[in-house]
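Single-letter residue listing:
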Amino acid sequence: MKNIVVMVSGGGTNLQALIDAQTRGEIKGGQITCVISSRADAYALERAKKAGINTVVLARKEYPDSKTYSEAVLEELNRQKADLVVLAGFMTILDECVTKAYPYKIINVHPALIPSFCGEGYYGLKVHEAALAYGVKVSGATVHFVNEKADAGAIILQGTVEVKSDDTPEILQRRIMENVEWKLLPKAVSLFCEDRITIRDGKAYVDV
Ligand code: GAR
């Protein structure tokens, strides 16, 4: 069984999707053993506690910079013996000390079709505001491995939704979460835990 550590910062609906998938037996070969939050007030922590999952708060604001914060995260991941780290609405970019220690072992969900509307500054509702401002007709979400560049690691799964002319950022966000994120994130986590993702030339391929 692989140890899955989930990192969160906010509401935790993606964490909930992972917990629900685990309860249904859909995460094969892995188990969520710890949830780490970058904020003490994240509702995601309540979801973890309710599911009986161990929680750790590493508050970003208590560290002077990204490097010292990332060092604390790395120490905790090592202590938890993480086989897979899942960034599920985790709003802090991790320094390369973490990404280098866990190559192709950190998965992130981003609420857009990478390489659009991604990178530094694109997170949460800001992503959907940018997509609507541009006028794209489809959007979606991407599950990808994390490397030292923001939102630039190998893509594992992507899914799309239609953008409607009267969408608000909140409505588009909800459609993408319900139709794509909450389905593809647990699926990618299970594929990883089943050793069904292969990396070739820096790209990820799902074994069928
Ligand atoms: C999700 O839409 C997730 O894709 C996004 O924030 C939301 C978190 O919701 N993540 C990012 O923007 C990371 N760059 P949740 O806390 O309810 O899972």
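Please refer to the structure placed before this passage.
About the thresholds
Residues numbered from 1 in each chain as written. Predicted model: local features only at pLDDT ≥ 70, side-chain atom pairs only at ≥ 80, totals over all residues. Heavy atoms only, no water. Helix = DSSP H or I, 4+ residues; strand = E, 2+ residues; numbered from the N terminus. Rg over C-alpha atoms; globule rule 2.2 N^0.38 Å. Contact = heavy atoms within 4.5 Å. Areas by Shrake-Rupley, 256 points an atom, 1.4 Å probe, with all protein chains shown as cover. Lys, Arg positive; Asp, Glu negative; His and termini not counted. Charge placed at Lys NZ, Arg CZ, Asp CG, Glu CD. Phe/Tyr/Trp six-rings, centres within 6.5 Å; stacked < 30°, edge-to-face > 60°. Buried < 20%, exposed > 50% of the residue type's maximum accessible area, 1.4 Å probe, protein only. Lys NZ or Arg CZ within 6 Å of the ring centre and 35° of its normal. Near = heavy atom within 4 Å. Polar contact = N/O pair within 3.5 Å; in protein donor to acceptor, adjacent residues only side chain to side chain. 1 Å grid on protein atoms, 1.4 Å probe; cavity = no way out; pocket = protein on both sides within 12 Å on 5 of 7 lines; lining within 4 Å. Sits in = over half its atoms within 2 Å of the grid points. Pairing = 2+ DSSP bridges. Points joined across faces, edges and corners; volume = space filled by probe spheres on them. Nonpolar A, V, L, I, M, F, W, Y, C, P; charged D, E, K, R; others polar. Salt bridge = Lys/Arg side-chain N within 4 Å of Asp/Glu carboxyl O.

1. A closer look at the overall build of the protein chain
- Counting its regular elements, the protein chain contains 6 helices and 9 strands.
- Rg of the C-alpha trace for the protein chain: 16 Å, near the compact-globule value of 17 Å for 208 residues, within the 12% margin.
- If one aligns the C-alpha atoms of the protein chain with their principal axes, the spans along those axes are about 50 × 45 × 35 Å.
- A sequence separation of at least 24 residues applies to 64% of the contacts in the protein chain between residues at least 6 apart.
- For the protein chain, the accessible surface area stands at approximately 10300 Å², while carbon and sulfur atoms represent 49% of it.
- Side-chain charges in the protein chain split into 25 positive and 26 negative, and the spacing between the mean points of these groups amounts to 3 Å.

2. Description of the packing of aromatic side chains
- Enumeration over the complete set of coordinates arrives at 4 aromatic pairs.
- Relative to Tyr69, the ring of Tyr63 lies with its centre 5.3 Å away and its plane at 70°, an arrangement referred to as edge-to-face.
- The exposure class of Tyr63 is partly exposed, given its relative accessible area of 25%.
- Relative to Tyr134, the ring of Phe117 has its centre 6.0 Å away and its plane inclined at 70°; by these criteria the two rings are edge-to-face. Of this pair, Phe117 sits in the loop between strand S5 (106-110) and helix H5 (125-134) while Tyr134 sits in helix H5, and the two are 17 residues apart along the sequence.
- Since its relative accessible area comes to 15%, Phe117 is described here as buried.
- Residue classification places Tyr134 among the exposed positions, given a relative accessible area of 67%.
- Joined through ring pairs, the aromatic side chains of Tyr104, Phe145 and Phe192 make up one cluster.
- Directly above the ring of Tyr205 sits Arg200, whose terminal nitrogen or CZ lies 4.2 Å from the centroid.

3. Topic: the site of the ligand
- Surveying the vicinity of the ligand reveals 14 residues, the closest of which are Gly12, Thr13, Asn14, Gly124 and Glu181.
- Within the contact set of the ligand, an oxygen atom lies 2.8 Å away from a backbone nitrogen or oxygen of Gly12.
- Considering the ligand on its own, with 450 Å² of exposed area, one finds that the protein chains cover 92% of that surface.
- More than half of the atoms belonging to the ligand lie within 2 Å of the grid points that define the largest pocket.
- Mapped by element, the contributors of at least two residues to the shell around the ligand are helix H1 (13-23), S5 and helix H6 (169-193).

4. Quick word on the environment of Lys149
- Following the sequence through the fold, Lys149 ends up in the loop between strand S6 (138-145) and strand S7 (155-162).
- As for Lys149 and Gly119, which are separated by 30 residues in sequence, their C-alpha atoms are 7.9 Å apart.

5. Observations regarding the pairing of S6
- The buried fraction of S6 is high, at 7 of 8 residues.
- In terms of strand pairing, S5 meets S6 through 4 bridges, oriented antiparallel. Each bridged residue has a counterpart across the sheet, and for Val109 the counterpart in S6 is Val143.
- One ladder, built from 7 bridges, connects S6 with S7; its direction is antiparallel. Directly across from Val143, in S7, lies its bridge partner Leu157.

6. So, the layout of surface pockets
- Reported here for the largest pocket is a volume of approximately 680 Å³.
- Lining the largest pocket are 37 residues, with Gly89, Phe90, Met91, Asn108 and Tyr123 sitting closest to its centre.
- The set of elements that each furnish at least two residues to the lining of the largest pocket consists of H1, S5 and H6.
- Here the lining of the largest pocket is composed, by residue class, of 14 nonpolar, 18 polar and 5 charged.

7. Thoughts on the pattern of salt bridges
- Summed over all chains, the structure comprises 10 salt bridges.
- Put simply, Glu71 and Lys67 hold a salt bridge, and the shortest N to O gap is 2.8 Å. With Glu71 and Lys67 both in helix H3 (residues 66-79), this residue pair falls 4 residues apart, about one helical turn.
- Residue Glu71 is classed as partly exposed on the basis of its relative accessible area of 36%.
- The shortest N-O distance in the salt bridge between Arg175 and Asp167 comes to 2.7 Å.

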